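Here is how the chains run, residue by residue.
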Amino acid sequence: MIRIQNLHKNFGDLEVLKGIDLHIAAGEVVVIIGPSGSGKSTLLRCINRLEEITSGTVIVDGHDLYARETNLNLIRTEAGMVFQQFNLFPHMTALRNVILGPIKVRRTPRKEAERQGLELLEKVGLKDKAHVHPDQLSGGQKQRVAIARALALKPKVMLFDEPTSALDPELVGEVLEVMRQVVREGMTMVVVTHEMAFAREAADRVIFMDDGVIAEENTPDEFFSNPRNPRTAEFLGKVRSRP
Amino acid sequence: MGFDFKYSVIWESVPVLLTGVKLTILITFFGLLIGFFLGTVFGLGKTSRNRVIYGLASAYVESIRGTPLMVQVMFLYFGLPMVLGMRVPPFAAGISAIAINSGAYIAEIVRGAVQSIDRGQVEAGRSIGLTHVQCLLYIIWPQAFKRMIPPLGNQFIISLKDTSLLVVIGVGELTRTGQEIIAVNFRAFEVWLTVALMYLALTLTLSRVLNFTERRLEIKT
């Protein structure tokens, strides 16, 4: 589903991705963890070309994302993105946020889009908030709407960029619960997160990124109980000892 | 001293002045309408990453902001016809001057508002497959427009008052009408006072309309 080969990315003189190779199969749930500045968010953003790359290839569902002839707008609908800061459209209701893509990009008739939009909002537990603007929603509710918005285009992959990092602790659970639901439906997912519990229970594979490279990847069981790379062990130690 | 304030002068001059008010309103309205269009085009141009587009937009804004409106008006009306070989009617020249002048300031307002919208908004739009133009239309513009209203209101009021400079090309707007009345009756105090009050009435009405619009948008979104 996703095939990344020898991906390099520089911001000026700073090399943030130093040759990433990563294959993700359809239906697989991959969690990327690592210290800040390790390049994990940048890697994720390269999977729907929110970043330009320096060299390498990124292939999503058979389409070379960085090839000149690729219709980027169409490919982007195949990869739904959930942002740390939600990025809901503040001047639209929750429902309108969800149906904008289907109506404008997929050309779904409004009635049909609204029906599906309400269904999605129901799925994330927010059908009663359909006609409310984002400023009247809590952080957790905003992020659930954002997930519904991304799902509305029926993407083949869902990308989560630290989806719970901007949330108050008591709101993290409701967002993770929605994400687990998406996992259960068999969605291919790439999740950058600091939620180790989520990684342990939901991931098929955990990737540890450090200083622009994939330092270690393994099944969650092996990864957490038996880390091979000393940097992984050090990072896990720090995370566990968090108050 | 013995200045003798004559109310009758005011009553007599009001009907004539109102014809000037009418022209002032017309010039302001069409000038700003075109000015808003120019401002939008060049303001968006200034947000462009294309160097040529950015350069053209900047050149327009800087050259207009950097020269006096009075000079622009006279250049348009007296200067250009020498090259074009035809005279522009004063009314059209007046509207053009207000349009071109306000357009430069409005361009800066548009640029500022558009660039104040969080980058994440475009990223979210792009991530659901919207094109650049769709992002601008459905996501950036509605949010930016709301932020533009207070500075736009300011510019509208400035442009309305700027129409008084069109006396130099003989457009029969409010100030010119006042001048003409005084040329006949020499009652400068009463007439200029009346003219000033009429401008004040116009600008106050304009602020009211803009405040109302702002509140309407607040409720709607």
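An account of the accompanying structure is given in this report. (Residues numbered from 1 in each chain as written. Chains lettered and ligands numbered in written order. Predicted model: local features only at pLDDT ≥ 70, side-chain atom pairs only at ≥ 80, totals over all residues. Heavy atoms only, no water.)

### Some points on the overall build of chain A
So, point 1. Scanning chain A from terminus to terminus reveals nine helices and ten strands.
So, point 2. By the compact-globule yardstick of 18 Å for 243 residues, chain A fits well, its C-alpha radius of gyration being 18 Å.
So, point 3. Overall, chain A is about 55 × 50 × 30 Å in size when its C-alpha atoms are taken along their principal axes.
So, point 4. Here chain A holds 243 residues, and 58% of them are scored as buried.
So, point 5. The contacts in chain A between residues at least 6 apart in sequence include a share of 64% that link residues at least 24 apart.
So, point 6. Counting only carbon and sulfur atoms, one obtains 47% of the accessible surface of chain A, whose full area is about 10400 Å². (Helix = DSSP H or I, 4+ residues; strand = E, 2+ residues; numbered from the N terminus. Rg over C-alpha atoms; globule rule 2.2 N^0.38 Å. Buried < 20%, exposed > 50% of the residue type's maximum accessible area, 1.4 Å probe, protein only. Contact = heavy atoms within 4.5 Å. Areas by Shrake-Rupley, 256 points an atom, 1.4 Å probe, with all protein chains shown as cover.)

### Structural notes on the environment of L171 of chain A
All names here are of chain A.
So, point 1. Residue position: L171 is located in helix 6 (residues 169–184).
So, point 2. Separated by 49 residues in the primary sequence, L171 and P220 have C-alpha atoms spaced 24 Å apart.
So, point 3. In this view, L171 contacts S138, G139 and G140; residues no more than four positions away in its chain are not counted.

### Considerations on the interface of chain B and chain A
So, point 1. Residue-level contacts link 20 residues of chain B with 23 residues of chain A.
So, point 2. Interface of chain B and chain A: buried area, both sides summed, is about 1800 Å²; carbon and sulfur atoms make up 60% of it.
So, point 3. Where chain B touches chain A, the interface holds one salt bridge.
So, point 4. Where R45 of chain A meets E123 of chain B, a salt bridge forms, and the shortest distance between an N and an O atom there is 2.6 Å.
So, point 5. The interface formed by chain B and chain A contains eight residue pairs in polar contact (both at pLDDT 80 or more).
So, point 6. Going through the elements one at a time, helix 5 (119–127) and helix 6 (132–162) of chain B are the ones with two or more residues in the side of chain B that touches chain A.
So, point 7. The element best represented in the side of chain B that touches chain A is helix 5 of chain B, accounting for eight residues.
So, point 8. Of the residues assigned to the side of chain B that touches chain A, the class counts are six nonpolar, nine polar and five charged. (Buried area = accessible area lost by both parts, 1.4 Å probe. Salt bridge = Lys/Arg side-chain N within 4 Å of Asp/Glu carboxyl O. Polar contact = N/O pair within 3.5 Å; in protein donor to acceptor, adjacent residues only side chain to side chain. Nonpolar A, V, L, I, M, F, W, Y, C, P; charged D, E, K, R; others polar.)

### Overview of the nonpolar core
So, point 1. In this structure, I4, L7, I20, I32, L43 and L159 of chain A are the most contacted members of the largest nonpolar core, which totals 67 residues.
So, point 2. In terms of residues, this core owes the most to one element, helix 6 of chain B, which gives nine residues.
So, point 3. With residues near it in sequence (within four places) discarded, L43 of chain A still touches I4, L7, L17, I20, L22, I32 and M209 of chain A.
So, point 4. In terms of nonpolar packing, the next biggest core, distinct from the first, is built from 52 residues, V31, A146, L176 and V182 of chain A among them. (Core = buried A, V, L, I, M, F, W, Y, C linked by side-chain atoms within 4.5 Å.)

### A few points about the sheet that holds strand 8 (residues 188–192) of chain A
Residues and elements named next belong to chain A.
So, point 1. With mixed pairing, the six strands of this open sheet are ordered in space as 6-7-8-3-9-10. Looking at which strands have only one partner, the edges of the open sheet turn out to be strand 6 (79–82) and strand 10 (213–218). Taken over all neighbouring pairs, the strand axes of this sheet differ in orientation by 20 degrees on average, direction set aside.
So, point 2. Here strand 6 pairs with strand 7 (residues 157–161) via four bridges, running parallel. Each bridged residue has a counterpart across the sheet, and for G80 the counterpart in strand 7 is M158.
So, point 3. The strands touched by helix 9 (residues 230–240) within the sheet are strand 3 (29–33), strand 9 (205–210) and strand 10, with strand 9 carrying the most contacts at an inclination of about 100 degrees. (Pairing = 2+ DSSP bridges. Axes fitted to C-alpha atoms, helices over the stretch in contact; angles between N-to-C directions.)

### Topic: the pairing of strand 7 of chain A
All names here are of chain A.
So, point 1. Burial analysis of strand 7 places five of its five residues in the buried class, the great majority of the element.
So, point 2. Of the two faces of strand 7, the one carrying V157, L159 and D161 and the one carrying M158 and F160 are both buried.
So, point 3. Where strand 7 and strand 8 come together, five bridges link them in parallel fashion. The residue of strand 8 that forms the bridge with F160 is V191.

### A look at the sheet that holds strand 4 (residues 55–60) of chain A
All names here are of chain A.
So, point 1. Overall, antiparallel pairing links the four strands, which are arranged 2-1-4-5 in an open sheet. Pairing within the sheet leaves two strands with one partner each, and these edge strands are strand 2 (14–24) and strand 5 (63–64).
So, point 2. Of the strand pairs in this sheet, strand 1 (residues 2–11) and strand 4 are connected by five bridges, and their pairing is antiparallel. Counterpart to H8 in the pairing with strand 4 is S55.

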